[in-house]
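Each chain is listed here by its residues.
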Amino acid sequence: MSSTSGIRTSTGDGVRTVHFTRPEQRNAMDGAMFTAYYTALAEADDDPEVRAIVVTGDGDWFCSGAAPDTLHLLAEDDAPDLEAALGHPPHLPMTLRKPLIAAVNGGAAGLGLAQALFADVRFLADGARLSTAFSRLGLIGEYGTAWLLPRLVGVATAMDLLLSARKVDAAEAKALGLVQHVLPRNEVLPAAQDYARTLAAHCSPRSMAIIKQQVWRGLDLDGPQAVADSVRLMGESLRALDFQAAVQRLGQREPIDFPPLPPRSQ
């Protein structure tokens, strides 16, 4: 287990769990925490022992957004370039090869909601509420939310959530497709970790990485391009070791021993 700048991580059964650890600040992200979180994601993505990632918050909130000192820093005329300050691009979660599961244990707003939306699958506590928050602070759809939300819930619903910044409860969030699973608060993290362990134990890391690329790229491709891309990728998959290992184990009960993803540097 490791801890730094508002972030704590632990690893078990192929799953890296990342905790936001500023509960007294409702897990608001200051610059150090933002940087530490993205560094933790990058390290998990580069670790061959990690096959899935879970992110959650300590206390009653998942993440209430950017801390005031972060907002003030970005508002300065000589504000630093965000990518240079983070050491990673702001859209880093979209580039991860490994599944990112959000265990949204409590409220999420602004930047906190954006980080939840960047996840591939979201589990939400039944008493939690979500809000974009931006318009009620005189801000705009930050951190890609104006791009993400229409693709997740449709244009009209995205407009509603962004323009009004109203609070959405867990039942509505599930109905809108903002989250995939709603559970009692004390079950959210264990359920998300169980889901991640299932991915780690039974799914090909190579397949999951390529599927994630297909989905993100496909959002801006037309149908014929996406189909052509999938035909090319299918040919590559049929020749890959993962498929060969799966064929050899057909009909057997034991999990297939899929090879891990190599570090990005290789």
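Residues numbered from 1 in each chain as written. Predicted model: local features only at pLDDT ≥ 70, side-chain atom pairs only at ≥ 80, totals over all residues. Heavy atoms only, no water.

Here we take up the overall build of the protein chain. In terms of helices and strands, the protein chain carries 12 helices and 11 strands. Projected onto its principal axes, the C-alpha positions of the protein chain cover 55 × 45 × 40 Å. Taking all 266 residues of the protein chain together, the buried fraction comes to 44%. Contacts in the protein chain between residues far apart in sequence, at least 24 positions, make up 71% of those at least 6 positions apart. Working note: accessible area of the protein chain is about 13,000 Å², and carbon and sulfur atoms make up 56% of it. Positive and negative side-chain charges in the protein chain, numbering 24 and 31 respectively, have mean positions lying 6 Å apart. (Helix = DSSP H or I, 4+ residues; strand = E, 2+ residues; numbered from the N terminus. Buried < 20%, exposed > 50% of the residue type's maximum accessible area, 1.4 Å probe, protein only. Contact = heavy atoms within 4.5 Å. Areas by Shrake-Rupley, 256 points an atom, 1.4 Å probe, with all protein chains shown as cover. Lys, Arg positive; Asp, Glu negative; His and termini not counted. Charge placed at Lys NZ, Arg CZ, Asp CG, Glu CD.)

To continue, consider the sheet that holds strand β10 (residues 168-169). Strand order in the open sheet formed by 4 strands is β5-β7-β9-β10, with mixed pairing between adjacent strands. Sheet topology places β5 (61-63) and β10 at the edges, where each strand pairs with a single neighbour. As defined by bridge partners, β5 adjoins strand β7 (residues 107-109) across 2 bridges and the pair is classed as parallel. From the neighbouring strand, Trp 61 faces β7, where its bridge partner is Gly 107. Each of β5, β7 and β9 (129-131) touches helix α5 (residues 111-118); the most contacted strand, β7, lies at about 100° to it. (Pairing = 2+ DSSP bridges. Axes fitted to C-alpha atoms, helices over the stretch in contact; angles between N-to-C directions.)

This part covers the sheet that holds strand β8 (residues 121-125). Within a sheet, adjacent strands bond to each other through the backbone by hydrogen bonds, running parallel or antiparallel. Spatially, the 7 strands line up as an open sheet ordered β1-β2-β3-β4-β6-β8-β11, and their pairing is mixed. Every interior strand has two partners, whereas the edge strands, β1 (2-4) and β11 (181-183), have only one. Adjacent strand axes in the sheet meet at a mean angle of 20°, parallel and antiparallel pairs treated alike. Judged from the 6 bridges that link them, strand β2 (residues 7-12) and strand β3 (residues 15-20) form a sheet pairing that is antiparallel. The residue of β3 that forms the bridge with Thr 9 is Val 18.

At a closest axis distance of 7 Å, the pairing of helix α6 (residues 145-153) and helix α7 (residues 155-164) adopts a crossing angle of 135°. Classified by the angle their axes make, α6 and α7 are oblique. Read as a crossing pair, α6 and α7 show a hand that is right-handed. Between α6 and α7, the contacting residues are Thr 145, Ala 146, Leu 149, Pro 150 and Val 153 on the first element and Val 155, Thr 157, Ala 158, Leu 161 and Leu 162 on the second. Counted by class, the contact of α6 with α7 contains 8 nonpolar, 2 polar and no charged residues. (Parallel < 35°, antiparallel > 145°, perpendicular 65-115°, else oblique. Left-handed = near helix turned anticlockwise from the far one by under 90°. Nonpolar A, V, L, I, M, F, W, Y, C, P; charged D, E, K, R; others polar.)

Together, Met 234, Leu 238, Phe 243, Val 247 and Leu 250 line one region of the surface with nonpolar side chains, adding up to about 500 Å² of accessible area. At the level of elements, α11 (223-239) and α12 (241-248) are the ones that each hand at least two residues to the nonpolar patch. (Patch = residues over 30% accessible without salt bridge, like charges linked within 9 Å, V, L, I, M, F, W, Y side chains within 5 Å. Salt bridge = Lys/Arg side-chain N within 4 Å of Asp/Glu carboxyl O.)

The next point concerns the pattern of salt bridges. Using the criterion set out here, one finds 13 salt bridges in the structure. Between Arg 16 and Asp 47 there is a salt bridge; the shortest N-O distance is 2.9 Å. Residue Arg 16 is found in strand β3, and its partner Asp 47 is found in the loop between α1 (31-46) and β4 (52-57); the two are separated by 31 residues along the sequence. Note on Arg 16: relative accessible area 11%, which makes it buried. On the accessibility criterion, Asp 47 (22% relative accessible area) is partly exposed. One salt bridge in this structure joins Arg 22 and Asp 30, with 3.8 Å as the shortest N-O distance. This pair shows no difference in class: Arg 22 is buried, exactly as Asp 30 is. Look at the salt bridges and you will find they share partners, linking Arg 217, Asp 229, Arg 232 and Glu 236 into a network.

Another aspect to go through is the packing of aromatic side chains. Counted by the stated rule, this structure contains 7 aromatic pairs. Between Phe 34 and Tyr 143, the ring centres sit 5.9 Å apart and the planes meet at 65°, which makes this aromatic pair edge-to-face. You can see Phe 34 sitting in helix α1 and its partner Tyr 143 sitting in the loop between β9 and α6, a full 109 residues away along the chain. What makes Phe 34 buried here is its relative accessible area of 2%. Feature note: the residues Phe 20, Phe 34, Tyr 37, Tyr 38, Phe 62 and Tyr 143 constitute an aromatic cluster, connected by ring pairs. The lysine or arginine in question, Arg 26, covers the ring of Trp 61, its NZ or CZ lying 4.7 Å from the ring centre. (Phe/Tyr/Trp six-rings, centres within 6.5 Å; stacked < 30°, edge-to-face > 60°. Lys NZ or Arg CZ within 6 Å of the ring centre and 35° of its normal.)

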